[in-house]
Amino acid sequence: METAALDPKDFVGMSFWIISAAMVAATFFFWVERDRAVGKWKTSLTVAAMVTGIAAIHYFYMRGVWIDSVAASASGEGNSPTVFRYVDWLLTVPLQIVEFYLILAAIAVVKSSIFWRLLIASVIMLVAGYLGEIEEIGTWLGFAIGMLAWLYIIYEIFAGEASQINASKGTAASQRAFSALRLIVTIGWAIYPIGYVVGYMGMGSVDNLNIIYNLADFINKIAFGVVIWVAATSDSAKSK
Ligand SMILES: *C/C=C(C)/C=C/C=C(C)/C=C/C1=C(C)CCCC1(C)C
């Protein structure tokens, strides 16, 4: 089947297009800018490019699901591309946890158990949210389990072992990167459960759910990469 055209009044569809393009551009940018970073920061920029690159691929498919379903529906309503969304998150969220660990490891010697705890919590958060969204388990049971896992991650980076490592050691740039990443995981990631509540509480619609998730991805994947890029290039300029 031929892909339907974008309806000029389909603002959710437009956001899928804008973010698809932004993800591709960001991937290219982080990849090229990697040359300006030194040492361990190179790997951080590679991971940032992997996150936006994986998201770009999934955005092409999500955009297709959305636009085709709007065109096929008599009322112009779209379908949520839930499977592609969560496949993307299942790859990109663990990569962001890797990124966190790389920043910590650039500061001090860190135990790998911190990495595994954060990784497992992030997978539980996503699997619970997915099962809730596809109604394999109760919508609000999935949400509650997901929230607990996310709160655990926040606890770990603000009060747990991971936070103590950062407070005492590291360069100014790596400390800045760590605090910015903490803001991303608390404030940036909070947009997702807000989208879930808006989407499923009957307050909104499929449109609101998707536009909020799209905005969240834009902030958490691209802005997240930019934070790393700022730290990487400022630290590297000093050590040249
Ligand atoms: C690039 C994609 C990212 C950073 C996705 C992050 C997703 C979340 C932080 C999702 C969180 C959720 C909860 C905290 C509760 C349950 C529902 C979720 C899965 C939307």
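The present account deals with the structure reproduced in this document. (Residues numbered from 1 in each chain as written. Predicted model: local features only at pLDDT ≥ 70, side-chain atom pairs only at ≥ 80, totals over all residues. Heavy atoms only, no water.)

## Things to note about the nonpolar core
Move 1: In this structure, I103 and W189 are the most contacted members of the largest nonpolar core, which totals 64 residues.
Move 2: Apart from the residues within four sequence positions on either side, I103 is in contact with W41, S174, A177, F178, L181 and I228. (Core = buried A, V, L, I, M, F, W, Y, C linked by side-chain atoms within 4.5 Å. Buried < 20%, exposed > 50% of the residue type's maximum accessible area, 1.4 Å probe, protein only. Contact = heavy atoms within 4.5 Å.)

## Overview of the site of the ligand
Move 1: Within the structure, the ligand sits among 18 residues, and W89, Q96, M125, Y192 and K221 are positioned closest to it.
Move 2: Relative to its unbound accessible surface of 520 Å², the ligand loses 100% to contact with the protein.
Move 3: Broken down by element, the shell around the ligand gets its largest block of residues, five residues, from helix α3 (residues 82-107). (Near = heavy atom within 4 Å. Areas by Shrake-Rupley, 256 points an atom, 1.4 Å probe, with all protein chains shown as cover. Helix = DSSP H or I, 4+ residues; strand = E, 2+ residues; numbered from the N terminus.)

## Here we look at the packing of aromatic side chains
Move 1: Tallying each qualifying case throughout the model produces 18 aromatic pairs.
Move 2: Taking 5.9 Å as the distance between ring centres and 50° as the angle between the ring planes, the aromatic pair formed by F16 and Y59 counts as tilted. Of this pair, F16 sits in helix α1 (residues 11-33) while Y59 sits in helix α2 (residues 40-72), and the two are 43 residues apart along the sequence. When sorted by exposure, F16 lands in the same class as Y59, which is buried.
Move 3: Measuring from centroid to centroid gives 6.5 Å for Y152 and Y155, while their planes differ by 35°, and the two rings are tilted. Of this pair, Y152 and Y155 both sit in helix α5 (residues 139-158), separated by three residues, roughly a single helical turn.
Move 4: For Y152, a relative accessible area of 29% corresponds to the partly exposed category.
Move 5: Site record: aromatic cluster; members linked through ring pairs are Y86, W89, Y130, Y192 and Y213.
Move 6: One Lys or Arg, R63, reaches over the ring of W17 and ends 3.6 Å from the middle of that ring. (Phe/Tyr/Trp six-rings, centres within 6.5 Å; stacked < 30°, edge-to-face > 60°. Lys NZ or Arg CZ within 6 Å of the ring centre and 35° of its normal.)

## Observations regarding unusual backbone geometry
In terms of backbone geometry, most residues other than glycine have negative phi values and most peptide bonds are trans.
Move 1: Despite not being glycine, E135 shows a phi value in the positive range, around 60°.
Move 2: Along the chain, the position of E135 falls in the loop between α4 (112-133) and α5.

## Quick look at the packing of α3 against helix α7 (residues 172-200)
Move 1: Two numbers describe how α3 lies on α7: the axes approach to 9 Å, and their chain directions differ by 155°. Regarding the angle of α3 to α7, the classification is roughly antiparallel. Considering the relative orientation of α3 and α7, their crossing is left-handed. Note on element contacts: α7 touches α3 through S174, A177, F178, L181, R182, V185, W189 and Y192, opposite W89, V93, Q96, I97, F100, I103, L104 and I107.
Move 2: In terms of residue class, the contact of α3 with α7 is built from 13 nonpolar, two polar and one charged. (Axes fitted to C-alpha atoms, helices over the stretch in contact; angles between N-to-C directions. Parallel < 35°, antiparallel > 145°, perpendicular 65-115°, else oblique. Left-handed = near helix turned anticlockwise from the far one by under 90°. Nonpolar A, V, L, I, M, F, W, Y, C, P; charged D, E, K, R; others polar.)

## Side note on α7
The periodicity of an α-helix, 3.6 residues per turn, causes residues three or four places apart in sequence to face the same way.
Move 1: Here α7 is 29 residues long and its end C-alpha atoms lie 42 Å apart, about the 42 Å a rise of 1.5 Å per residue gives.
Move 2: The largest bend in α7 comes to about 30°, at I184. (Expected span 1.5 Å × (residues − 1). Bend = angle between axes of the 7 residues up to and from the residue.)

## Regarding the side chain of T27
Move 1: Relative to the helices and strands, T27 is located in helix α1.
Move 2: Among the polar contacts made by the side chain of T27, one reaches the side chain of T52 at a distance of 2.9 Å.
Move 3: If we ignore the near neighbours within four places in the chain, the residues touching T27 are A49, T52 and G53. (Polar contact = N/O pair within 3.5 Å; in protein donor to acceptor, adjacent residues only side chain to side chain.)

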